[in-house]
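Notes for the structure review
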Amino acid sequence: MAELSSALKQATPVLAARGEGVYLYDEDDRRYLDFTAGIGVTSTGHCHPRVVEAAQRQVGTLIHGQYTTVMHRPLLQLTERLGEVLPAGLDRMFYVNSGSEAVEASVRLARQATGRQTIVAFHGGFHGRTMGAGALTTSGVKVRAGIGPMMPGVAFSPFPETYRHGWSEAEAVRFALAELDQLLLTVTSPKDTAAFIVEPVLGEGGYIPTPPEFLEGLRERADHHGILLIADEVQTGVGRTGKFWGHQHSTITPDILITAKGIASGFPISGIAASAELMGKAWPGSQGGTYGGNAVAAAAALATLDVVRDEHLVDNSAEQGARLQEGLRKVAAEHPVIGEVRGRGLMIGNEFTTPDGAPDTATATRAHAAAAERGLLLLTCGPAGNVVRMIPPLIVTAEQVDDGVALWSEAVSAAVNG
């Protein structure tokens, strides 16, 4: 009898039977408050009626219209609709299926457009698990271990972490930009550097917001040297951080924007956006794929964008995210084992540390498990797995936020008290 790979690890013990809004239900109909959202995917909640209706309607007319063979209306409509929310000037889209594929498409475009090879990524970044995207990833060794050599043409520069180094944000930004300047003097010449790639909030790396001044420093250096700036918005896009795009907490506009996860409420679709001029530099035949831009996923994405707009979910993300952070900081004040609560919008991390500042993975693991036992589903992240992250659907209410905080308080108390 065939079984799932033993390497596939499940974060919670739940066998989900159905989902509704912010809740998942197991086969015994026990209800769980889902603050994982499928790793930030179910942005409009589980089975939003408008998304379900759009997908069901599309399944009955056209499931797969392979987009390098024929074109279909849902993909054209989705592209037009994205034009209403994309940054000015990013008016060309290319679609694939997953975040990793979109990252690799951005690298391919950057290298072809510039004629340069090196991609500079930043410590703690997560960009995917495929060989190219994994080569850009340093959120934890599990993504890179045992599969080398990695894709060449990648250099890494420090990310402006404040908590780990005990620095102010200004100090961390000065350090990180100075180290990037040094990298361009010693490791990769600007004339060989195609792009910088950065997450507006580190995801798997620990839910660390990227300071606006750092993004603006990257933009300044990219413009000066003719380097492209890629914003990996796979997890931070579509309202997750309280802005429609995570980079909008700064003044920058990226040259290439990567989107996936929350754009289709659980259906697999991703893409990259760039200007017509930049996208026009892609070499013939370099963009394509069998399943990219699937008709059902495109219909679901259209419905998702409509729900995000009509239900004011970006504003709700900012409002409920602030409420959630306030509640989590009260829990942290009662439990010094939580060294920092941080995040933007509905993308919040709780970092567990020992009295000397070292990662406290054991307590984080216990708190994570205790939360699931009490009906609150969460995930961990960070290189040491000592950050418990909260990613509720964007539809979460104040009452549900308060319920989540109460369950989390119980879970932390249980973890601390053994």
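For clarity, every value in this text was computed on a predicted model and none was experimentally measured. The written sequence of each chain sets the order in which its residues are numbered from 1. Two thresholds apply to this predicted model, a pLDDT of at least 70 for residue-level local features and 80 or more for giving and counting side-chain atom pairs, whereas whole-chain, interface and lining totals are computed over all residues. The basis for every side-chain value is the complete set of heavy atoms in the structure, and neither hydrogens nor water enter the calculation.

A few points about the packing of helix 3 (residues 73–82) against helix 9 (residues 295–310)
- Each axis is a line fitted through C-alpha atoms, and for a helix only the stretch in contact is used; angles between axes span 0 to 180 degrees, taken between their N-to-C directions. The way it works is that DSSP assigns letters per residue, a run of H or I at least four long becomes a helix, a run of E at least two long becomes a strand, and they are numbered from the N terminus. As a packed pair, helix 3 and helix 9 sit with axes 8 Å apart at the nearest point and diverge in direction by 30°. In terms of their interaxial angle, helix 3 and helix 9 are classed as roughly parallel. For helix 3 against helix 9, the interelement crossing comes out left-handed. Only Ala-295, Ala-298, Ala-299, Ala-301, Leu-302, Leu-305, Asp-306 and Arg-309 of helix 9 make contact with helix 3, whose side of the interface consists of Pro-74, Leu-75, Gln-77, Leu-78, Arg-81 and Leu-82. Geometric relationships in this document are graded by angle, where less than 35 degrees denotes roughly parallel, more than 145 denotes roughly antiparallel, 65 to 115 denotes roughly perpendicular, and other angles denote oblique. For any pair of crossing helices, the crossing counts as left-handed if the nearer helix is rotated counterclockwise from the farther one by less than a right angle, and right-handed if it is rotated clockwise. Any two residues whose heavy atoms approach within 4.5 Å are treated as being in contact.

Quick word on empty space enclosed by the protein
- The pocket and cavity definitions rest on a 1 Å grid over protein atoms only: a 1.4 Å probe that fits but cannot leave marks a cavity, an open set with protein on both sides within 12 Å along at least five of seven lines marks a pocket, and residues lining either have an atom within 4 Å of a point. Grid points are joined across faces, edges and corners, and a volume is the space filled by probe spheres set on the points. In total, this model carries one cavity of 30 Å³ or more according to the counting rule given.
- Forming the boundary of the largest cavity are Leu-78, Tyr-95, Thr-259, Ile-263, Ile-269, Ser-270 and Gly-271.
- Taken together, the residues of the lining of the largest cavity sort by class into four nonpolar, three polar and no charged. Gly counts as polar in this scheme, as do all residues outside two lists: the nonpolar Ala, Val, Leu, Ile, Met, Phe, Trp, Tyr, Cys and Pro, and the charged Asp, Glu, Lys and Arg.

Looking at the side chain of Glu-199
- One can find Glu-199 in the loop between strand 7 (193–198) and strand 8 (201–202).
- Within the buried set, Glu-199 has no salt-bridge partner at all; the shortest N-O distance to an opposite charge, 8.3 Å, is to Arg-389.
- Sequence-distant contacts of Glu-199, that is, excluding residues within four places in its chain, are made with Gly-124, Gly-125, Phe-126, His-127, Thr-210 and Asp-232. In this scheme, a residue with accessible area under 20% of its type's maximum is buried, one over 50% is exposed, and one in between is partly exposed, where area comes from a 1.4 Å probe on protein chains only. Positive charges come from Lys and Arg alone, negative charges from Asp and Glu alone, with His and the N- and C-terminal ends not counted. Salt bridge, as used here, is a side-chain nitrogen of Lys or Arg placed within 4 Å of a carboxyl oxygen of Asp or Glu.

Focus on helix 4 (residues 99–114)
- Relative to the 22 Å expected for 16 residues at 1.5 Å per residue, helix 4 spans 23 Å between its end C-alpha atoms, a close match to the ideal helical length.
- Taken residue by residue, helix 4 has Gly-99, Ser-100, Ala-102, Val-103, Ala-105, Ser-106, Val-107, Leu-109, Ala-110, Gln-112 and Ala-113 as its buried positions.
- Taken from the residues just after helix 4, Gly-115 is the one with a positive phi, measuring 70°. Given a helix with a known number of residues, its expected span is that number minus one, times 1.5 Å.

As for the side chain of Ser-100
- Looking at the element boundaries, Ser-100 is found in helix 4.
- Polar contact criterion, stated in full: a pair of N or O atoms within 3.5 Å, where within protein one must be able to donate a hydrogen and the other to accept it, and residues adjacent in sequence count only if both atoms are side-chain atoms. Here Arg-129 takes part through its backbone nitrogen, which lies 3.2 Å from a polar atom of the side chain of Ser-100.

Observations concerning helix 9
- With 16 residues, helix 9 should reach 22 Å at 1.5 Å per residue; the first-to-last C-alpha distance of 23 Å fits that figure.
- Judged by how many residues are buried, helix 9 sits mostly within the fold: 13 of 16 residues are covered.
- The opening residue of helix 9 is Asn-294, an N-cap whose side-chain oxygen sits 2.9 Å from the backbone nitrogen of Val-296.
- One or two residues past the end of helix 9 sits His-312, with phi positive at roughly 55°.

Thoughts on the layout of surface pockets
- When its volume is computed, the largest pocket comes out at roughly 1,600 Å³.
- Forming the boundary of the largest pocket are 50 residues, of which Gly-38, Ile-39, Glu-204, Leu-379 and Arg-389 lie nearest the centre.
- Put simply, the parts of the chain that give the lining of the largest pocket at least two residues each are helix 1 (37–40), helix 4 and strand 16 (379–381).
- Examining the composition of the lining of the largest pocket, we find that three residues originate from one element, strand 16, more than from any other.
- Residue classes in the lining of the largest pocket are distributed as 22 nonpolar, 19 polar and nine charged.

A look at the sheet that holds strand 5 (residues 118–122)
- Read across the open sheet, the seven strands follow the order 4-12-11-10-7-5-6; overall the sheet is mixed. Taken across any chain shown, the strands that pair with only one partner, and hence form the sheet edges, are strand 4 (92–96) and strand 6 (154–157). Here the strands of the sheet are splayed against their neighbours by 20° on average, with no regard to which way each runs.
- Strands are labelled as partners when DSSP assigns at least two bridges between them. Where strand 7 meets strand 10 (residues 228–232), four bridges bridge the pair, whose relative direction is parallel. For Phe-196, the partnering residue across the bridge sits in strand 10 and is Leu-229.
- Against the sheet, helix 7 (residues 212–225) contacts strand 5, strand 7 and strand 10, and its axis sits at roughly 170° relative to strand 7.

Some details on the domain arrangement of the protein chain
- Domain start and stop points were drawn from an automatic or database domain assignment. Under the domain assignment, the protein chain is made up of domain 1 (16–34 + 312–417) and domain 2 (51–310).
- Here the C-alpha centroids of domain 1 and domain 2 sit 26 Å apart.
- The partner domain 2 presents 29 residues to the 27 residues of domain 1 that form the contact.
- By definition, the buried area sums, over both parts, the 1.4 Å-probe accessible area that each loses when the two are put together. For the pairing of domain 1 and domain 2, the buried interface totals around 2,200 Å² over both sides, and the portion due to carbon and sulfur atoms is 58%.

Some points on the packing of aromatic side chains
- Two aromatic rings from Phe, Tyr or Trp, using only the six-membered ring of Trp, form a pair when their centres are within 6.5 Å; if the ring planes differ by under 30 degrees the pair is stacked, by over 60 it is edge-to-face, and anything between is tilted. Enumeration over the complete set of coordinates arrives at six aromatic pairs.
- With a centroid separation of 5.4 Å and 85° between ring planes, the pair formed by Phe-122 and Phe-214 is classed as edge-to-face. Note that Phe-122 is positioned in strand 5 and Phe-214 in helix 7, a separation of 92 residues in sequence.
- Residue classification places Phe-122 among the buried residues on the basis of a relative accessible area of 2%.
- With a centroid separation of 6.2 Å and 65° between ring planes, the pair formed by Phe-159 and Phe-214 is classed as edge-to-face. Within this pair, whereas Phe-159 is found in the loop between strand 6 and helix 6 (169–186), its partner Phe-214 is found in helix 7, the two being separated by 55 residues in sequence.
- For Phe-159, a relative accessible area of 4% corresponds to the buried category.
- Relative accessible area serves as the criterion here: at 0%, Phe-214 is assigned to the buried category.
- Among the aromatic residues, those joined into a cluster by ring pairs are Phe-122, Phe-159, Phe-196 and Phe-214.
- Distance and angle both matter: a charge sits over a ring if NZ of Lys or CZ of Arg is within 6 Å of the ring centre and within 35 degrees of the ring normal. Geometry around Tyr-25 places Arg-18 over its ring, the cationic atom sitting 3.9 Å from the centre.
- Just above the ring of Tyr-23 sits the side chain of Arg-31; from NZ or CZ to the centre is 4.0 Å.

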